[in-house]
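# Chains, contacts and geometry: an overview
Below, each chain spelled out in residue letters.
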Amino acid sequence: MSSRGRSLSMFVVQRTFRRVRRGYDPDEVDRHLELVSRWFASTEVGVALADERARLAEREHVLAQREKELRRSVEGTRLEAEATLEGARARADATMREAEAALEGARLEALASDIVSAAQARAD
């Protein structure tokens with residue numbers, strides 16, 4: 001640590017404040033904390049910390065954007081799946097109606113065939 005750093009650290013540690021009615025003078029304490037904050041921010045550790053915070057904030061921003069993209073993708077996939085399912089249900093309903101109509105036609109044809117066979121049997 002530089003000699004300036006040592007003298008500032010002593011300033012941080014050995015600071016006294018005037019007493020007011022309910023403790024230390026808030027304005028004086030606030031001023032002191034601002035000075036300490038500036039001092040820490042100007043040290044190598046403070047600069048490294050600020051750089052790391054900026055890097056983390058950028059990463060957080062990138063992750064938030066990625067999360068938004070993924071949410072949109074999931075929502076789009078969900079809507080597509082719902083539309084596919086609805087289409088499949090509609091096709092299944094149509095196929096069932098066709099099958100029921102074909103079955104009814106086959107029943108009528110079988111009935112007609114039975115009637116024709118019975119009529120031929122009587123005629124013979």
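Structure's up top.
Notes on the structure in this doc start here. (Residues numbered from 1 in each chain as written. Predicted model: local features only at pLDDT ≥ 70, side-chain atom pairs only at ≥ 80, totals over all residues. Heavy atoms only, no water.)

### Focus on the overall build of the protein chain
In terms of regular secondary structure, the protein chain is built from 3 helices and 2 strands. For the protein chain, the succession of helices and strands along the chain, N to C, is α-β-β-α-α. For the protein chain, buried positions account for 7% of its 124 residues. As displayed, the protein chain has an accessible area near 11,000 Å², and 57% of this comes from carbon and sulfur atoms. (Helix = DSSP H or I, 4+ residues; strand = E, 2+ residues; numbered from the N terminus. Buried < 20%, exposed > 50% of the residue type's maximum accessible area, 1.4 Å probe, protein only. Areas by Shrake-Rupley, 256 points an atom, 1.4 Å probe, with all protein chains shown as cover.)

### Overview of the pattern of salt bridges
Per the counting criterion, the structure on display carries 7 salt bridges. Among the salt bridges present, the one from arginine 71 reaches glutamate 67, with a minimum N-O distance of 2.6 Å. In this pair, arginine 71 and glutamate 67 both sit in helix α3 (residues 44-123), 4 residues apart, roughly one turn of the helix. Across the pair arginine 107 and glutamate 104 runs a salt bridge, and its minimum N-O distance is 4.0 Å. Linking arginine 107 with glutamate 104, this pair stays in helix α3, spanning 3 residues, or about one helical turn. Classification of arginine 107 by relative accessible area gives exposed; the value is 52%. Accessibility expressed as a relative area gives 39% for glutamate 104, which makes it partly exposed. Residues participating in the shared-partner salt-bridge network are Glu75, Arg78 and Glu82. (Salt bridge = Lys/Arg side-chain N within 4 Å of Asp/Glu carboxyl O.)

### Remarks on helix α2 (residues 26-42)
Counted at 1.5 Å a residue, the expected span for α2 with its 17 residues is 24 Å, and the 24 Å between its end C-alpha atoms agrees. By the burial criterion, the buried members of α2 are Glu28, His32, Val36 and Trp39. Looking straight down α2, one finds its buried side chains confined to an arc of 70°; they lie on one side. Turned more than 90 degrees away from the buried face of α2 sit Arg31 and Arg38, all of them exposed. (Expected span 1.5 Å × (residues − 1). Arc of directions from axis to C-beta.)

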